[in-house]
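If you want the building blocks of each chain, they are given just below.
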Amino acid sequence: GLNLNDIQGDVLIGMRKKKELFFFFSIKDAAKFKSKLGSDIHSLITNTNQILPGSKNIPHTAVNIAFSKTGLDALNITDNLQDDNFNIGQFKNATDLGDAGTGNWVPAFKGTNIHGVFLLAANRTQFIDSKLADIQQILGDSITENYRLSGAARPGNEEGHEHFGYLDGVSNPAVQGFDDGTRPQPPAIVPGRFIVGASGDTFTNRPAWATGGSFLVFRQLQQKVPEFNKFVEDHPLNVPGLSQQENTDLFGARLIGRWKSGAPIDLAPLRDDPALGADSQRNNNFTYDHPEIPGFDVKSNQTLCPYSAHLRKTRPRATLGAETGPGDDHHIIRAGIPYGPEVTRAESSSNKSSTDPSLERGLAFVAYQSNIDTAFKFIQRSWIDNAQFPSPVAGITGNTTGVDPIIGRNAGTVTDAPRVITGTDPLNTNKSFTLNSEFVISRGGEYFFSPPISALSGKLAT
Ligand code: N7H
């Protein structure tokens, strides 16, 4: 089974706090760092059991730590973790991930200088600040800061919603032996897809000390919210019986695959259903197939949910057939949090632009998996950025799907190259829509390994 005392808290369940700081650092004095890691830092790290719902040990500030490949190198850990993408780092992957080069990347992410990241999560920034001060006090000059990014849940009723306004964190896969059986949803996935060394891990030649770890993909994804809102407002659908506003909201929901409340359009195809969105027993209980509808063919019918919807692009569920078993290892557990300010009145006024860099907002994207190549990178390259997916590569009939309207890009360095999608109009799913600008800009990131907590006082400390 999984050792929930050893797996860091963010991996399977997320740290579940309103604020989260990502503190990126370089190791300057490996000997001192190792010694402090084993003696002091180790005991600050929050495990999974501590943050399970109902736990009596939930810390005010949850702390996790993860290392890049160059960070392990700096600690003279030479074991091969068997993940080629982790080994080369995200900077060299920028083109593969569809980024428009690295011109938009945050300088700290350019190259391989970042050795590690502390993830600090709490409901108040003061708690985070004081925990960070403790950590810096302990580590002293053995590290230097490369960069930090502060995430925060959005205010009021928007809590839990990302900056485009849609509820996030709804549909993480259930994991066998962890949270399967707690709610009806697509079949639970073997734990080895997420946890190194667990049952179902495709590699058998990893170092023993890495068992219980997970690869953490970090991406700073800027969101152009006024521009997205304007695009949606400019494209109301024409579904009879719906008001203009409802037809506008429907267009947005069909780009995402969920309504703003979190209700899946596969189950609520015409109007938002906030009760459904809030009901964890129902809001993920769908596959896109509808055997209860006579003659419904999941390989051609996208009247309920377009093939191009972000949700369906990133996890096609029954669109491809059964989700479990050999060959299906394209799953991630997401644990991101929004960053940046709310849209200002000036930005949402007539010109609808977000050009002030001091108002940058987006998603501090975090994804966990045991194999970056078949999980995050595969989803990004082969599904999100592949205009032919799921049509025609998965035997889907009808027009070419197009890239993911939210985060997909056509290959190449030209920013805002037009993107064409189909399926969004339920009255005519062959109709195409052209997106002349991009709503999400990659600001770069890094690949990390979130080690089992035992390694922090064991292998990594010696
Ligand atoms: Fe997505 N969004 O607001 O548009 N995502 N995503 N994502 N995403 C999801 O179901 C969003 C990104 C996945 O299991 C929801 O929990 C934004 C990347 C996957 O059915 C919403 C950004 C990748 C799922 C968003 C962004 C993914 C998912 C619905 C960037 C992978 C679950 C909430 C700024 C490479 C699919 C939910 C399933 C859901 C949004 C990025 C993947 C609202 C704004 C980079 C696998």
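Anything mentioned here points back to the structure above.
Participant: How would you sum up the overall build of the protein? Please name residues and give values.
Facilitator: Check the secondary structure of the protein and you find 13 helices and eleven strands. At 22 Å, the protein has a C-alpha radius of gyration in line with the 23 Å of a compact globule built from 462 residues. Dimensions along the principal axes, computed over C-alpha positions, put the protein at roughly 70 × 50 × 45 Å. Across the 462 residues that make up the protein, the buried fraction comes to 47%. A sequence separation of at least 24 residues applies to 70% of the contacts in the protein between residues at least 6 apart.

Participant: Could you give an account of the site of the ligand, with specific residues and numbers?
Facilitator: Around the ligand, 26 residues are found, and the nearest of them are Tyr-166, Val-170, Ser-171, Thr-314 and Arg-315. Mapped onto the shell around the ligand, the elements with two or more residues apiece are strand S5 (214–223), helix H10 (310–314), strand S8 (362–369) and helix H12 (376–384). Here the shell around the ligand gets four residues from one element, more than from any other, and that element is H12. By residue class, the composition of the shell around the ligand is 15 nonpolar, seven polar and four charged.

Participant: Hey, could you go over the nonpolar core for me, with residue numbers and the actual values?
Facilitator: Soluble globular proteins tend to pack their nonpolar side chains together in the buried interior. Formed by 105 residues in total, the largest nonpolar core has its most connected members in Phe-22, Val-117, Leu-120 and Tyr-368. Discounting residues that sit within four places of it in the chain, Tyr-368 has contacts with Val-11, Phe-194, Ser-214, Phe-215, Leu-216, Ile-332, Ile-333 and Ala-335.

Participant: Mind laying out helix H6 (residues 125–139), listing which residues take part and the relevant values?
Facilitator: The terminal C-alpha atoms of H6, which comprises 15 residues, lie 21 Å apart, in line with the 21 Å expected from a rise of 1.5 Å per residue. Three or more residues of H6 are buried, namely Ile-128, Lys-131, Ile-135 and Leu-139. All buried residues of H6 project into a common sector of 70° when viewed along the axis, lining one side. Among the exposed residues of H6, those oriented more than 90 degrees off its buried face are Gln-126, Ala-133 and Gln-137. Elements in contact with the buried residues of H6: strand S1 (19–27), helix H2 (30–41), strand S2 (62–67), strand S3 (116–122) and strand S4 (143–152).

Participant: Which residues make up the pairing of strand S11 (residues 440–450), and what values go with them?
Facilitator: With respect to burial, S11 is a largely interior element, nine of its eleven residues being buried. As paired strands, S5 and S11 are joined by nine bridges and run antiparallel to one another. Bridging across to S11, Arg-219 finds its partner in Gly-445.

Participant: Tell me about unusual backbone geometry, residues and numbers included.
Facilitator: The residue after Phe-389, namely Pro-390, is reached through a cis peptide bond having omega 0°. Following the sequence through the fold, Pro-390 ends up in the loop between H12 and strand S9 (419–422). In this structure, the amide linkage connecting Ser-391 to the following residue, Pro-392, adopts the cis form with an omega of -15°. Relative to the helices and strands, Pro-392 resides in the loop between H12 and S9. We note that Asn-76 has phi near 65°; this positive angle belongs to a residue other than glycine. Topologically, Asn-76 is positioned in the loop between helix H4 (69–74) and helix H5 (84–88). The backbone phi angle of Arg-317 is positive, close to 50°, even though this residue is not glycine.

Participant: If you had to explain the packing of H2 against H6 to someone new, which residues and values would you point to?
Facilitator: Here H2 crosses H6 at 135°, and the two axes come no closer than 9 Å. In terms of their interaxial angle, H2 and H6 are classed as oblique. Of the residues in H6, those touching H2 at Phe-33, Lys-36, Asp-40 and Ile-41 are Ile-135, Ile-138 and Leu-139. Looking at the contact of H2 with H6, its residues break down into five nonpolar, no polar and two charged.

Participant: An account of the environment of Val-217 is requested, with residue identities and associated values reported.
Facilitator: Structurally, Val-217 can be placed in strand S5. Along the primary structure Val-217 and Ser-450 are separated by 233 residues, whereas in three dimensions their C-alpha atoms are 10.0 Å apart. Apart from the residues lying within four places of it in its own chain, the contact partners of Val-217 are Ala-367, Ile-372, Phe-376, Gly-445 and Tyr-447.

Thresholds applied
Residues numbered from 1 in each chain as written. Predicted model: local features only at pLDDT ≥ 70, side-chain atom pairs only at ≥ 80, totals over all residues. Helix = DSSP H or I, 4+ residues; strand = E, 2+ residues; numbered from the N terminus. Rg over C-alpha atoms; globule rule 2.2 N^0.38 Å. Buried ≥ 20, exposed ≤ 12 C-beta atoms within 10 Å, placed from the backbone. Contact = placed C-beta atoms within 7 Å. Near = placed C-beta within 6 Å. Nonpolar A, V, L, I, M, F, W, Y, C, P; charged D, E, K, R; others polar. Core = buried A, V, L, I, M, F, W, Y, C linked by C-beta atoms within 7 Å. Expected span 1.5 Å × (residues − 1). Arc of directions from axis to C-beta. Pairing = 2+ DSSP bridges. Axes fitted to C-alpha atoms, helices over the stretch in contact; angles between N-to-C directions. Parallel < 35°, antiparallel > 145°, perpendicular 65-115°, else oblique.

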